[in-house]
Each structure stands twice: as C-alpha cells, then as structure tokens.
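# Summary of the model geometry
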Amino acid sequence: GEDYEAYRELRWQVLDSQAIPALVAEGKTVVVDVSADWCLICQANKANVLHREQIVRALAEPNIVLMRGDLSKPNPAVSNYLSSQGVAGVPYNRVHGPAVPEGVVMPSVLTVKDLLKVLAHVQARQ
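Nothing here was measured: the structure is a model prediction, and the numbers come from that model.

Rules used throughout
- Residues numbered from 1 in each chain as written.
- Predicted model: local features only at pLDDT ≥ 70, side-chain atom pairs only at ≥ 80, totals over all residues.
- Heavy atoms only, no water.
- Core = buried A, V, L, I, M, F, W, Y, C linked by side-chain atoms within 4.5 Å.
- Buried < 20%, exposed > 50% of the residue type's maximum accessible area, 1.4 Å probe, protein only.
- Helix = DSSP H or I, 4+ residues; strand = E, 2+ residues; numbered from the N terminus.
- Contact = heavy atoms within 4.5 Å.
- Phe/Tyr/Trp six-rings, centres within 6.5 Å; stacked < 30°, edge-to-face > 60°.
- Lys NZ or Arg CZ within 6 Å of the ring centre and 35° of its normal.
- Pairing = 2+ DSSP bridges.
- Polar contact = N/O pair within 3.5 Å; in protein donor to acceptor, adjacent residues only side chain to side chain.
- Arc of directions from axis to C-beta.

In this structure, Val31, Leu59, Val95, Leu115 and Leu119 are the most contacted members of the largest nonpolar core, which totals 20 residues. Put simply, the parts of the chain that give this core at least two residues each are α2 (40-50), α3 (53-59), β3 (64-70) and α5 (112-123). Residue contributions to this core peak at 5 residues, all from α5. Not counting the four nearest positions on each side in its chain, Val95 is found in contact with Thr29, Val30, Val31, Gly103, Val104, Met106, Leu115, Val118, Leu119 and Val122. Core analysis: the second largest hydrophobic core is formed by 18 residues, Leu71, Leu82, Val90 and Tyr92 among them.

Listed below in structure tokens is the structure:
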C-alpha cells in the first residue's frame, strides 16, 4: 500500500550553502543531498530511503527545506561546497536544524531509521 510516486511531491531547491545559516536561524530544518546520476549508492539512497513514503511525508513538513547539489555533470559550486565540508565525493547528506545548526553528516548509505532519528534530533529544542 505504499505510494511509490509520493517523492514527486517534494520540492528540492538548488544547493545554496550561504542560505543555510539564515534558514536554520528562522527555525527551519535544512536537508542537504549531494548526489549524481552515475553514483550507484546515491541511486540506492533515493530508492531505499529518500523516495519512501514515510520519509517523503517527514520531508514534506512546512519547516523543512530541501537542498540538492547535483554532480551528474561537473558543477564547480557543488564541488566547492563538498571541498568546504572536507568531502571528496558523493553521496553526501547533511541535516541542519535549530538544535544542531552546524548539521549532522549522514552515513554514505542512508537508512529510513537513521534519517528519521537525525531529523528529530536536529529539530529538538534544547
């Protein structure tokens, strides 16, 4: 009974790392996904986690901002962001929120359980 098309409802913005601190200061949670079409782990993360209805519903909340960096083709802005994070490649996922403004880096291989746990953690008011 899962809606496998639910992910189409999500509205991903282009990654803008400069905007993240202001969004978090407003009380928003910012989910960053840097991936590429040629990255098998990235595609598995989408199929097994980011496109799952339970996650889609969590990410569709009004306080959540979704930002995606696409490295399917060379993209200097996204590459510079990864370098600034000390990361050399994809997948890269980080979740920022009021309780953890600097964000939590997710494991390369995402799980539904881990993502839901991190979303709750970064949103929790201390």
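The subject of this paragraph is the packing of aromatic side chains. Scanning the model with the defined rule gives 1 aromatic pair in all. Ring geometry for Tyr81 and Tyr92: centres 6.0 Å apart, planes at 65°, overall edge-to-face. You can see Tyr81 sitting in helix α4 (residues 76-84) and its partner Tyr92 sitting in strand β4 (residues 92-97), a full 11 residues away along the chain. Sitting above the plane of the Trp12 ring, Arg68 keeps its charged end 3.9 Å from the centroid.

Here we come to the pairing of β4. Judged by how many residues are buried, β4 sits mostly within the fold: 6 of 6 residues are covered. The alternating pattern of β4 places Tyr92, Arg94 and His96 on one face and Asn93, Val95 and Gly97 on the opposite face, and all of these are buried. Examined bridge by bridge, strand β2 (residues 29-35) and β4 share 5 bridges and lie antiparallel to one another. Residue pairing across strands places Asp33 opposite Asn93, the latter belonging to β4. Across 3 bridges, β4 lies against strand β5 (residues 100-105) in antiparallel orientation.

Looking now at the side chain of Asn93. Within the fold, Asn93 resides in strand β4. Non-local contacts of Asn93, meaning those with residues more than four positions away in its chain, are made with Val32, Asp33, Val34, Asn45, Val104, Val105, Met106 and Leu110.

Within the fold, His96 resides in strand β4. Residue His96 is classed as buried on the basis of its relative accessible area of 7%. At a separation of 3.4 Å, a polar atom in the side chain of His96 contacts the main-chain carbonyl oxygen of Glu102. With sequence-adjacent residues up to four places away left out, His96 is seen in contact with Ile20, Val24, Lys28, Thr29, Val30, Val32, Pro101, Glu102, Gly103 and Val122.

This part covers α4. Along α4, the residues that are buried comprise Val78, Tyr81 and Leu82. Buried positions in α4, seen along its axis, are confined to an arc of 95° and lie on one side of it. Turned more than 90 degrees off the buried face of α4, the exposed positions are Pro76, Ala77, Asn80, Ser83 and Ser84. Among the structural elements, β2, β3 and β4 are those in contact with the buried residues of α4. Just downstream of α4, Gly86 is the residue with a positive phi angle, here 75°.

Scope: geometric values only; no functional claims are made or implied.
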